[in-house]
Each structure stands twice: as structure tokens, then as C-alpha cells.
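A structural walkthrough
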Amino acid sequence: MFDNKNTYLKLIVLILCFSSCKSPFNYVSKQIDSNWQFKSVEDTLWLKANVPGSVHTDLIANGIIEDPFYRLNEKKQQWIDKKDWVYATNFNIKDRVLKKDNIELEFKGLDTYANIYINDSLILITENMFRGYNLKVKPLLKSGSNSLKIVLNSPIRLGLDKRDALGYKLPNAVNDQSENGGLGEKQVAVFSRKAGYHFGWDWGPRLVSSGIWQDIELNAWNKAAFSDVYVKQTEISNNRAHLIAILEIEATHDFKALINIKIDSVNSVKHKLDLKKGSNKIEIPIKIENPEFWWTNGLGNQKLYQFTFELKKGAKILALNSKNIGLKTLELVQEKDSVGESFYFKLNGFPVFMKGANYIPQDVFLNRVTIADYEQIVKDMVDANFNMIRVWGGGIYEKEIFYDLCDKNGILVWQDFMFSCAMYPGDEAFLENVKQEAVYNIKRLRNHTSLALWCGNNENLVGWKNWGWINDLYNNQGPEIVAKVWKAYTDVFHEILPDIVKELDADTFYWASSPMSKLGEDATLTSGDYHYWRVWGQKEAFSTFNEYIPRFMSEYGFQSFPEFESVKKYTIESDWDIYSEVMQSHQRSIIGNINIEYYMDSMYRKPKDFQSFLYVSQLLQAKGMQTAIEAHRRNMPYCMGSLYWQINDCWPVASWSTIDYFGNWKASHFKVKEFYKAIKSMFYVSKNQLELHIVSDELADRKANLKLKLLNFNGELLNSFEKEIDIKLNSSTVYFSTEWDKIIPKNKRSNALIVSELIGENNEVIDENIYLFETEKLLELTKPTFKYSISKEEEGRFIIELSSNVFAKDVRISTSVHGKFSNNYFNMLPFKKYRIYFDLEGNKYENNILETIEIMSLFDSY
């Protein structure tokens, strides 16, 4: 196939260079990731370091500190953030690289206050974790060995300096755990452009690390290079897509060049240009005939066109850049109606109900999050029928891999800017820092098809309006300070951010704060988005989810504990009480364990032991989630979104997550998978009428056979109903209604259920749902006898077939073998055979599955 070995090697080089979007002939790129050492500035002993990394993880790797997540170790490690740290390495530059016209050093993420030295020359001082820095360094380099040193100054020390210099006191930032950090009431999180959750949250620890959290890359090139590529979609129809490629090119001198644009490897556009020395901005129109649209998960394919841009001088390629982009139309529709104003996303001309959750960073120490972790969390979204994720404003603008995966899997991203639950400074230096952060991240993310909305902040406005901040400032510092703090807010969220979004990404909608009804105005149920926290925060009943129906619910939730096997990883046996010091330390909501117990007591019988309490807490959370999600979906199109708080954790903790820190699905995530199905039947009692609502997100009508059966817990059929129905596309409709109190005598309700089935073509079971007349506390459950068998379907996948002799509630299957079940915490009808798949993670111990299977149900918890 190849003429000689050299031809083959050249092809391999070409492929490798192309995959990283750099020129195979002109561009040299090198990671500065080896031979790093670190120490505190005041120490003399250098220790081995990892880059990317963090101070805490390097201290762990060197045996200086123990795992901060284990028991109470976090409390012993608050000294780390008070010190300055220094990282250093040496890297070699070859003569051929030094001869390049341009050599740049790109820092993709520094956390946060960094002084950077090359060969002992200070080249940059940074104070923003959320942006990268690209520096021209050729004059500072020499052939052979070069030194790179980064001094990371204490975010606590500098935060205190900025706090003192402000001249007035900002409102209490409710989630900054300053007392845990030994600072008393001196909260400093808002003064640094650093991830807010590092300073603590009501689900996270206070571990304020510093570090080189993303790659450092040395890039060298001749003549010209792309500095930015943006594909703007101007008009899209079924027949044609009109796009504009906006290219920013830096050239070392004036010369004539050619841009060649390939779409899916086919030459599509050639454009001649005259480059001038310095920065050049070029706009090139592109047309695609009969475009294939990009759809969200569940509605269609996620076609991504590969756009390849070649910058050529004559026959020589100087620079390459490649983008994978889907074509779509997306609007946020806000139209006046009889009660207020709509708030829904219209994708490719269709209103789409948004189903998803809020997402936080996957670890306190960001360098520990692997590509496999990103792939898994997005798979967890897809498997649970999500079509949207909200990247919450107290964390980070995520790495590129996260958005790539959302693009590929049809998950729209509601992207917060990184401000949350606080008021921020408004001095010129702070505002300029925010501007640069916004420009960097908008340009970095705007090509992603998944990007749906830019949101200015999380709960800053609702905090200002409702959390006593105005009165506190007025009473203690006067009206001038009230005005000054509010001006800082409007400067950022009403002017700076929307202006930059309009300039750089006008196709994406900007929403100033979540929640709000309109610009600067508090959230309401009739306009805008809403966060509902009366359930949990004020101990309101789950049933109030049915009363507080907004246009778009962007936060709500309920807590649970991780499963027992997860809890054992950060505790010892003496900690196994929810009020032990360790368990309370791994519960950061001050009302958390009390609330879980309060709600549990009203709905469930008292669990018999600690392990059962953890299990029932997950059932309780799932019950709350079901009530909320069904209320939101049932009320479409008035309500057109349900994003619960939260999908994941950043450390092992009792929290609102549906997946624990170790990646285990809680009961609620299995239930969310069911509640977010494209077609879902839902029972609801309204004014003594038992109604069966069927919600469809599909974009076509479907015929189905609706079957209803009234059974007792032993499986005896008491009544039945059946009819053919047409399930209307993209709608919520009542298909059955009857008087609730006449269905079954009162004395038999604790031992009876209704099961609904939707049967489609070829006897396909579209959906099944079970309605119980009483709360779990009042059910007359009996001990089930389970029969099961296990067979191997294929390598790494097993089938478990399971049945019960009586109705079994919330059946949980577990095994010591590492893997994932396709379903769990599910209800079982008497004598019906259920099929569950188990996928091994790794091929270890697969022969032990049968011996280690354990099955429990709610009956076994008491």
C-alpha cells in the first residue's frame, strides 16, 4: 500500500497533527507536563508534583496529608490554603523550534493567583481560574534547558487583602464556610475569580486548593496561525443552511494566502485573501444544501458536520483547524399570554420540554476527573432520558470534553457564568477581570451545538430580593452602600455580560439570573424560570409540588444518603449513625439529617437499622422527585422544563444528588430514567377524580392500547378497563378519569393497587405505571419470596430474571461484583417476570455474581 517506510511515517505524522488541529508542516506543539516539583514557598524540600494537578492532590501523593474525604480529615487540612506554593520544572527547546517565527506558551488553567517566571524572568501575574493565557515567549527562551516556575499565592491571604481594601462589607455569602476555614465571619470567596464551591457549599467541603489545573502547552509556528475559528449559523431551512466562518489569523508579515474549507472531508469553499502583519479577521460565507438537523436526545440524530479549515501559502499548509458542528435552530420563546409570559425552548421549529438536572464539578480536585468520568456522567444523562443539563454558577466553565460529549449525545447546555448566591465587588479591576473571563469562555464555547443559553448568575437576584441583604446593608452601612452593591450587580449582569454575549455569540440567548421573571425582577410562577425550595427548605409537603407550577423549573430537589457500600468508604463502624460527628460532617446542610428524618417519619415506617435508613432515604428522595417531575410534565405546555438539583456530587456526602460521588445510581436516578421517558403515564388525584395523564415528547402521534387493572397485593384481579387511544404528539392529556373514593372500599386500600399499561405495535410495552392508594407507611406489605435466575447474554453482560409471589415494593438488587444494573429500586407485581441487565465494569469476578446477589424490598427495611 505504501511505497516506502518514510511515506508511511509521514502519513502518521500528518494524521496525528491533524487530529490536534495543528499544521503538520508548520506547527510544533509540546505539553509541559513532566519533571515538575513543588513545595511551599517557605520550605526548602522539593517534592514530586503532577501537572495538571493541585496542591492537595500532590500532598496526598507524597504522603504529607491523608485523604481529605475520609472521616474528619478535611478539618485537619485548613492550613494548606493559607500558604503560598511554588511549582517548577525544566523543559528543553531544540534549535529547530527556536528558529520558528513565533513561540507561545499557553496556560489553559491556573488556580488562581499565579506569578509565572521563565528563566527567572517574571512574564505574567494571573488572578482568574476560569480563563487561559497565551504568551509570546520566544525572546525569553534559549536552546537547551529552560526553567519554568509558577508561584501560587494563597487565595485566602489575597482574598482577605481584597476584602479589607473594598471599603465596605458585602452581604453574607451564605455558602462560604469561613468558620470551617478558621476565618470566623471573614468570607473571601467572592473576591477571587475562583470556583465558589472550593470555599464550601451546602453539599461540599471547604478545601481551597491551588494548582495548575489544566495543561500547559508550548506552541511554535512560522508565518501564520489561526487564533480563533467561529462558524456562525445565519439561516437554516430544510433546503439550505447559510453559515459564515469568522476566522481570526495572526500573521508575521504581509502575504497572499488561501483558505480551503472542507465539510466532512469534501472540499467545499476556497477563499483567497491578503494577510497583513498582525491580527486579521476574515468572514467567509458557506452554504450546505439539504442540511441534516441536530436533535436532542430522544428526538432524532445528532449529526455533527466536520468543518476543516486549511490556511495555505501556495501548496503548503501553514495551519489547520477543525470543528464538529451540528446545524439547528433554537429559540427561547417568551410570549405574553393570559397569565404572564411563556418560557420554552423551540428546537428546529418544535417546542421541546426540557428534562434534566443541575450539574456541579465532579470532584473538589478537578485534575482527578478523567475522560472516562466525563463519558460516564454524560452517559448517565442519556440513559436517564435527559435532553438538558445546567452547568451551575458556583463551579467551573467545564473542560472541552464535557461540551464535546453533550454535542455528540444531544444534551443541551444551560450555561451559567460563574457567579452564585452572593453579591460581588464592583471595582474596575474586578470588572475588567470578569470581562476577560467572559470573552475567553464565550469564544471557547460558542461553536458547541449543545450550548443553549448563557445565564448571568445563580440566585444572586433572588438572594438580593429575599434573603435580607438589602435591609442588612441599609441598617448597618447606609443607603449609599445599598446603591453601590446593586450597581456592581447591574454593571456585571445587565451590561458587561449581555453586551459581550451580543457581540461574540448573538445566536445564544442571555438570561441575567436564575431564577427571575424578567430583568432585575424577582421570580414568579407566571413568567421566567423558578427555583422551588419550600419542599426541603420550609418542610412543605411533597404535594405542594403540584401547586407551585412555574413556566420553567430550573431548581428543586430533595436529599438522600449514598448507599451503604459508599458510606463505608469514608467511615468506620462507630460512625454509623446519621448524627455521628463524621456523618454530620459529610452532610453540609444544617437542616439536612433532621429534614430527611422528618419527612421519612410522615411517610415510612421506622427503618430497623442504619443500613435500612440509608436505603429508605433514597426511596424518600425518589418519591419527592416523582411528585415534582410528574407535576411539571403533566402541566405542559404551561410548564416546559424540569431541571432538578442535582445529578452528581464532588465528594462523598448526603446531598440532593441522584448519583453519588463513587458513580452509583441512587434510587432516584433509576426513577428519573422512568419519569423522563418520551411517553409516560401518570396517575393524579384531582378533586376526588383519579386521572391518568399521558405525556408525550415525541413529534408524531402514536396509537396504543391502554389497559388498567385493579389488583390486590396477592395478584388477584379485582377490576379492569381497556381502550384504544391515540397519544397526541408533544402534549399532556387525560385519557382516563374515575371517582377515586368509589374505586375500592376504604378498608381494602392498603392492600390494593392499579397498574396501567400502554401497549403499542407488535405488543411493545411503551409504559407501565403503578398507583397505590395509601402512603408506604400504611401499606399492608407481606414478605415476598423471590425467584431468580442469571444467564450470560454476552461477554460482560448478564440477564437476571426475577419474580415475586406478592407485590414487592422498591426492590433493590445488589452484588459485590462491580457493574451497573439496567433497573433497580423497582416495584414488582405478583408472579410477573422482570428482566434486569447487569453490565460488568471489568471482567473480574464474573463467576461470583450468582453467589453475591442480594435482594431486598421495602418490607425488609423494617
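Residues numbered from 1 in each chain as written. Predicted model: local features only at pLDDT ≥ 70, side-chain atom pairs only at ≥ 80, totals over all residues. Heavy atoms only, no water.

Moving on, we come to empty space enclosed by the protein. Empty space left among the atoms is revealed by rolling a probe the size of a water molecule over them. A full pass over the atoms with the stated rule returns four cavities of 30 Å³ or more. By volume, the largest cavity is sized at about 180 Å³. Around the largest cavity, the lining is made up of 24 residues, and of these A189, G196, W201, S420 and Y424 lie nearest the centre. Grouping the amino acids of the lining of the largest cavity by side-chain chemistry returns 13 nonpolar, eight polar and three charged. Considered as a void within the structure, the second largest cavity measures approximately 80 Å³ in volume. Considering the residues around the second largest cavity, the lining is formed by 13 residues, among which S54, D111, H198, V364 and L366 are closest to the centre. (1 Å grid on protein atoms, 1.4 Å probe; cavity = no way out; pocket = protein on both sides within 12 Å on 5 of 7 lines; lining within 4 Å. Points joined across faces, edges and corners; volume = space filled by probe spheres on them. Nonpolar A, V, L, I, M, F, W, Y, C, P; charged D, E, K, R; others polar.)

The next subject is helix α15 (residues 592-603). For α15, spanning 12 residues, the distance from its first C-alpha to its last is 17 Å, which sits close to the expected 16 Å at 1.5 Å a residue. Every buried residue of α15 is accounted for by G592, N593, N595, I596, Y599, M600 and M603. For α15, the angular spread of the buried residues around the axis is 160 degrees, confining them to a single face. Considering only its buried residues, α15 is in contact with α12 (534-537), α14 (581-585) and α16 (610-634). (Helix = DSSP H or I, 4+ residues; strand = E, 2+ residues; numbered from the N terminus. Expected span 1.5 Å × (residues − 1). Buried < 20%, exposed > 50% of the residue type's maximum accessible area, 1.4 Å probe, protein only. Arc of directions from axis to C-beta. Contact = heavy atoms within 4.5 Å.)

Here the structure, examined in full by the defined rule, presents 49 salt bridges. The residue K742 makes a salt bridge to E739 at a minimum N-O spacing of 3.5 Å. Take E739: its relative accessible area is 34%, and that puts it in the partly exposed class. (Salt bridge = Lys/Arg side-chain N within 4 Å of Asp/Glu carboxyl O.)

Looking at where G204 falls in the secondary structure, it is placed in the loop between α5 (155-166) and β11 (211-212). G204 sits in the buried class, given a relative accessible area of 0%. Here the alpha-carbon distance between G204 and R193, two residues 11 residues apart in the chain, equals 19 Å. Beyond its immediate stretch of four places on either side in the chain, G204 contacts Q177, R588, C650 and W651.

What follows concerns the nonpolar core. Counting 201 residues, the largest nonpolar core has F386 and I389 as the members making the most contacts within it. Beyond its immediate stretch of four places on either side in the chain, F386 contacts N297, K355, G356, A357, M381, I411, Y644, I647, H669, V672 and Y676. Among the nonpolar cores identified, the runner-up in size contains 34 residues, and F38, V55, V137 and L148 belong to it. (Core = buried A, V, L, I, M, F, W, Y, C linked by side-chain atoms within 4.5 Å.)

What follows covers unusual backbone geometry. In terms of backbone geometry, most residues other than glycine have negative phi values and most peptide bonds are trans. At the junction of S514 and P515, the peptide bond is cis and its omega measures out at 0 degrees in the coordinates. Within the element layout of this structure, P515 appears in the loop between β27 (509-511) and β28 (530-531). Following W645, the chain continues into Q646 via a peptide bond in cis, with omega recorded as 5 degrees. Here Q646 shows up in the loop between β30 (641-644) and α17 (667-675). Its identity as a non-glycine residue notwithstanding, N35 has a phi of 60 degrees, on the positive side.

Here we come to the packing of aromatic side chains. Under the definition given, this model contains 61 aromatic pairs. With centroids separated by 6.3 Å and ring planes inclined at 45 degrees, the aromatic side chains of W79 and W85 adopt a geometry described as tilted. You can call W79 partly exposed: its relative accessible area is 34%. An aromatic cluster is built from F419, Y424, F430, W464, W486, Y489 and F493, whose rings are joined through pairwise contacts. Sitting over the face of the ring of Y684, R634 holds its NZ or CZ atom 3.6 Å from the ring centroid. (Phe/Tyr/Trp six-rings, centres within 6.5 Å; stacked < 30°, edge-to-face > 60°. Lys NZ or Arg CZ within 6 Å of the ring centre and 35° of its normal.)

A few words on the confidence of the model for the protein. Note: predicted coordinates in regions of low pLDDT should not be interpreted at a detailed level. Summing up the model confidence of the protein, the mean pLDDT is 95 and the portion of residues at 70 or higher is 96%. pLDDT under 50 marks residues 1-24. Its contacts with residues more than four places away, or in other chains, come to 21 contacts. (pLDDT = per-residue confidence, 0-100.)

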